Amino acid sequence: MPKPKIRIFPDLEQLSWAAATRVEDLARLKAMEKKIFSVALSGGATPKRLYEILGSPIFAGRIRWQYVHLFQVDERCVPPDHPESNYRMIRRALLGSGSLPEGNFRRMAAEQRDLQQASRQYAEELARVLQPKESEWPRFDLVFLGMGPDGHTASLFPGTEALEEQVSWVVPNYVEKLKMHRLTLTFPVLNAAANAIFLVSGADKAELLRQVLEGPPGQFPAQKIQPANGRLSWFLDEAAAQLLSAETRG
Ligand code: 6PG
């Protein structure tokens with residue numbers, strides 16, 4: 001397995017600008033080929049600044065948004081205007097700018113009562129836009145991921161059923177410790193991406209990050225992100241990276 005690319009920044013602000021520039025570079029390559037550029041966005045707190053930057057007037061002109069199609073990596077099973085909703089956060093941070101054409105954002109309808117149906121509907125959207133060949137996984141150009149304090153990523157939490165999913169692209173996942181369901185893309189879909197970028201910030205993640213990047217494999221869900229035919233990168237701020245060895249820092 002190729003070594004992941006580790007990039008360390010002084011703080012979350014500079015990490016977020018670097019991630020936005022990475023989006024710009026990858027989007028330009030696809031626009032030059034007049035092809036869609038598909039991105040899956042995570043929720044949580046860390047990517048919010050990145051989304052604000054992408055939604056800012058500066059990036060209105062730096063990205064050909066008509067080629068960009070945005071999806072969600074996961075969603076909490078709450079209404080779209082609920083404070084816990086990832087969609088709400090993304091809408092307020094990124095979509096408000098109006099740069100992205102109306103129909104180019106696919107929301108996970110995780111507030112639906114029938115979560116199996118909501119998962120199937122979202123998988124149909126993936127199929128329609130990403131057009132994978134027969135028996136292939138849908139392939140995103142770019143997936144942004146975070147890492148929770150227990151080593152979860154997307155809504156793939158330790159000890160949950162969805163960790164073992166090897167057939168479905170999108171599943172409901174019950175998380176006992178949160179006493180709630182989440183909708184999430186599954187590992188095979190995340191690992192089919194051309195680019196997977198973890199955004200990790202803050203001293204509270206330093207010890208876990210050391211274990212995830214330098215400890216034995218298979219301990220944490222975040223370690224199962226190993227793109228089969230893609231590039232894995234970790235964008236870290238100095239606070240999160242403080243316990244990493246010189247070798248890991250590269
Ligand atoms: C979510 C996310 C989740 C997140 C991690 C890290 O819905 O919560 O998709 O996987 O990326 O929990 O969250 P923070 O960025 O808030 O630390």
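Please read these numbers as outputs of a predicted model, since none were measured by experiment.

*Asks:* Would you explain the site of the ligand in this entry?
*Replies:* In the region of the ligand, 16 residues are neighbours, and T46, R76, H152, A154 and K205 sit closest. Contact distances for the ligand include 2.7 Å between an oxygen atom and a backbone N or O atom of A45. When the ligand sits alone it has 420 Å² of accessible area, and the protein chains cover 88% of it. The residue inventory of the shell around the ligand, partitioned by class, reads three nonpolar, nine polar and four charged.

*Asks:* It is not clear to me how the sheet that holds strand β4 (residues 74-76) should be interpreted in this structure. Could you clarify?
*Replies:* In any sheet, the strands associate via hydrogen bonds between backbone groups, in a parallel or an antiparallel arrangement. Ordered by their spatial adjacency, three strands build an open sheet running β4-β7-β6, and the pairing between neighbours is antiparallel. One side of each edge strand has no neighbouring strand; the edge strands of this open sheet are β4 and β6 (170-175). Shown here is a sheet whose adjacent strand axes are inclined to one another by a mean of 25°, direction ignored. Pairing of β4 with strand β7 (residues 180-185) involves three bridges; the strand directions are antiparallel. Paired with E75 across the bridge in β7 is L183.

*Asks:* Looking at this structure, I do not really get the sheet that holds strand β1 (residues 5-9). What am I missing?
*Replies:* Read across the open sheet, the six strands follow the order β1-β9-β8-β5-β2-β3; overall the sheet is parallel. The strands lining the two open edges of the sheet, one partner per strand, are β1 and β3 (68-72). Adjacent strand axes in the sheet meet at a mean angle of 20°, parallel and antiparallel pairs treated alike. Across five bridges, strand β2 (residues 37-41) lies against β3 in parallel orientation. Note that in β3 the partner of F37 across the bridge is V68. Sitting on the sheet, helix α1 (residues 12-32) touches β1, β2, β5 (142-145), β8 (195-200) and β9 (231-237), and the angle it makes with β9 is about 155°.

*Asks:* Could you clarify how one ought to interpret the environment of L243 in this entry?
*Replies:* With respect to the helices, strands and loops of the structure, L243 is situated in the loop between α8 (238-241) and α9 (246-249). C-alpha separation for the pair L243 and H82, spaced 161 residues apart in sequence, amounts to 36 Å. The residues touching L243, leaving out its near neighbours within four places in the chain, are A206, E207, R210 and E214.

*Asks:* Would you explain the packing of aromatic side chains in this entry?
*Replies:* Aromatic ring pairs are defined here through the distance separating the ring centres and the angle between the ring planes. One pass over the structure, following the stated rule, counts six aromatic pairs. Ring centres of W17 and F59 lie 6.0 Å apart, and the angle between their planes is 50°; on these two criteria the pair is classed as tilted. Residue W17 is located in helix α1, and its partner F59 is located in helix α3 (residues 57-62); the two are separated by 42 residues in the primary sequence. Judged by relative accessible area, which is 28%, W17 ranks as partly exposed. Here F71 and Y122 contribute two aromatic rings whose centre-to-centre distance is 6.0 Å and whose plane-to-plane angle is 80°, an arrangement assigned as edge-to-face.

The rules behind the values
- Residues numbered from 1 in each chain as written.
- Predicted model: local features only at pLDDT ≥ 70, side-chain atom pairs only at ≥ 80, totals over all residues.
- Heavy atoms only, no water.
- Near = heavy atom within 4 Å.
- Polar contact = N/O pair within 3.5 Å; in protein donor to acceptor, adjacent residues only side chain to side chain.
- Areas by Shrake-Rupley, 256 points an atom, 1.4 Å probe, with all protein chains shown as cover.
- Nonpolar A, V, L, I, M, F, W, Y, C, P; charged D, E, K, R; others polar.
- Pairing = 2+ DSSP bridges.
- Helix = DSSP H or I, 4+ residues; strand = E, 2+ residues; numbered from the N terminus.
- Axes fitted to C-alpha atoms, helices over the stretch in contact; angles between N-to-C directions.
- Contact = heavy atoms within 4.5 Å.
- Phe/Tyr/Trp six-rings, centres within 6.5 Å; stacked < 30°, edge-to-face > 60°.
- Buried < 20%, exposed > 50% of the residue type's maximum accessible area, 1.4 Å probe, protein only.

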